[in-house]
Amino acid sequence: MKRLLLGALLVWPLAASAQTIVINVGTVAPEGSPWHQILQRTREDWMKISGGKYTMRIYPGGTLGDEESMILKARLGQLQAVGLSGVGLARLEPGVACLQIPMLIESYEEFDYIRDRVAPKLEALIEKRGFITLHWSDVGWVHFFTKTPVRTPNELRKLKLFTSAGDPEGEKLYREFGMQVVPLAITDLLPSLQTNLIQAFDVPPLFALLDQSFGAAKNMIDLKWAPLSGATVLSRKAWERIPENQRAEFLRAARVASEKARAEIRKLGDDAIGEMQKRGLNVVKLDAAARAEWHREAESAYPKLRGRVIPEDLFDEVVRLRNEYRAKKKAGGA
């Protein structure tokens, strides 16, 4: 019955009463999570800006499927907007993967410096795919969670590792590095851990806490593998139905809602590790030798990522900006 009701609601995209136009938004972000709250704040602001004419109907928690299926629904007009993690964004526009190169970026300060400068180019590429970027958001630093303690890449190779389904090139790359990957939808992560279909996965700590997946894999490597960004995108068709004189204000409201939540999300991400430790999480500490091994593993993948997964110009630009930031910081100018 619930599926029938959802289907009925979605057959009238951008339609409601004579007074209100509804924009259907799907996301895998859990209900009540900071990312869900950003969409709720945006909805409130859009209602104020439009005098009640525009609102959002938000479907959180993967109610409408995984990110790839929601992108398809948006292309078909069944959804108008999708809140995506960097994984889903990279499916929509591969260039976004430049923000998530393993072990390249070491801090949020570096990440902000880079994203602020490449975002306009990424947004232009996303628009060519038929979507407008309403706002960028943080998801957090990706960590590996495992059923048994893992300290080195070789130990991780012994476990069946979750990877997001629908990315054959990424899956192939993992296999080339000896990983036993199991492609799945993110919505299948927890049940697959419970049935031992997988024994390891990589997500930000806040996500692992909110969806309770850490409970089935109570070891986390103390290693920031890569930053995971996110964004909410709106179909260009839906965007063009918004009065032109209100678009800039709509966009500004969406970005302000996300920017206000940025510090909170980052703090919650740090706090999530402590909360999970209280509930039995084992944080696996690495010595200098093990940490250096992870760096070598990541850097050995860069030649294959560049041009094959990430456009060469974007890969090179991110490396250049990272180096530029570090040089400025060293000189005291960042």
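Residues numbered from 1 in each chain as written. Predicted model: local features only at pLDDT ≥ 70, side-chain atom pairs only at ≥ 80, totals over all residues. Heavy atoms only, no water.

*Asks:* Any chance you could explain the overall build of the chain here in plain terms?
*Replies:* Within the chain one finds 13 helices and 10 strands. In terms of overall dimensions, the chain is globule-like: its C-alpha atoms have a radius of gyration of 20 Å, near the 20 Å expected for 334 residues. Dimensions along the principal axes, computed over C-alpha positions, put the chain at roughly 65 × 55 × 35 Å. Restricting to contacts in the chain with at least 6 residues of sequence separation, those with at least 24 account for 75%. Of the roughly 15,100 Å² of accessible surface on the chain, a fraction of 52% belongs to carbon and sulfur atoms. (Helix = DSSP H or I, 4+ residues; strand = E, 2+ residues; numbered from the N terminus. Rg over C-alpha atoms; globule rule 2.2 N^0.38 Å. Contact = heavy atoms within 4.5 Å. Areas by Shrake-Rupley, 256 points an atom, 1.4 Å probe, with all protein chains shown as cover.)

*Asks:* Hey, could you run me through the packing of aromatic side chains in this one?
*Replies:* Aromatic ring pairs are reported here in terms of the distance separating the ring centres and the angle at which the planes meet. Under the defined criterion, the tally for this structure stands at nine aromatic pairs. When the centroid spacing of 5.2 Å and the interplanar angle of 5° are considered together, the rings of phenylalanine 145 and phenylalanine 201 count as stacked. Taken together, the positions of phenylalanine 145 in strand β4 (residues 131–146) and phenylalanine 201 in strand β7 (residues 200–203) put the pair 56 residues apart, joining distant regions of the chain. The same class applies to phenylalanine 145 as to phenylalanine 201, namely buried. Within the aromatic cluster, the residues linked to one another by ring pairs are Trp46, Tyr54 and Phe250. Here the basic side chain of arginine 266 rests over the ring of tyrosine 108, its NZ or CZ set 4.0 Å away from the ring centre. (Phe/Tyr/Trp six-rings, centres within 6.5 Å; stacked < 30°, edge-to-face > 60°. Buried < 20%, exposed > 50% of the residue type's maximum accessible area, 1.4 Å probe, protein only. Lys NZ or Arg CZ within 6 Å of the ring centre and 35° of its normal.)

*Asks:* Explain the pattern of salt bridges here, please?
*Replies:* Any two side chains of opposite charge can pair, so long as their charged atoms come close to each other. Taken as a whole and judged by the stated rule, the model has 22 salt bridges. Put simply, glutamate 68 and arginine 91 hold a salt bridge, and the shortest N to O gap is 3.7 Å. Residue glutamate 68 is found in helix α3 (residues 67–75), and its partner arginine 91 is found in helix α4 (residues 86–92); the two are separated by 23 residues along the sequence. The partly exposed category is assigned to glutamate 68, whose relative accessible area is 38%. Of the residues examined, arginine 91 reaches a relative accessible area of 23% and is grouped as partly exposed. With its nearest N and O atoms 2.2 Å apart, the salt bridge here joins glutamate 297 to arginine 157. Of this pair, glutamate 297 sits in helix α12 (residues 288–305) while arginine 157 sits in the loop between α6 (153–156) and β5 (160–164), and the two are 140 residues apart along the sequence. In this structure glutamate 297 comes out as buried when scored by relative accessible area, which is 17%. Classification of arginine 157 by relative accessible area gives buried; the value is 18%. (Salt bridge = Lys/Arg side-chain N within 4 Å of Asp/Glu carboxyl O.)

*Asks:* Could you clarify how one ought to interpret helix α2 (residues 34–49) in this entry?
*Replies:* Structurally, the α-helix is built with 3.6 residues per turn, so residues lying three or four positions apart point the same way. Here α2 contains 16 residues, and its C-alpha end-to-end distance of 22 Å stays within 8% of the 22 Å for a straight helix at 1.5 Å per residue. Along α2, the residues classified as buried are Pro34, Trp35, His36, Ile38, Leu39, Thr42 and Trp46. Along its buried surface, α2 packs onto β1 (21–27), β2 (54–59), β4, α9 (205–210), β9 (226–235) and α11 (244–278). Glycine 51, located one to two residues past α2, shows a positive phi value of around 65°. (Expected span 1.5 Å × (residues − 1).)

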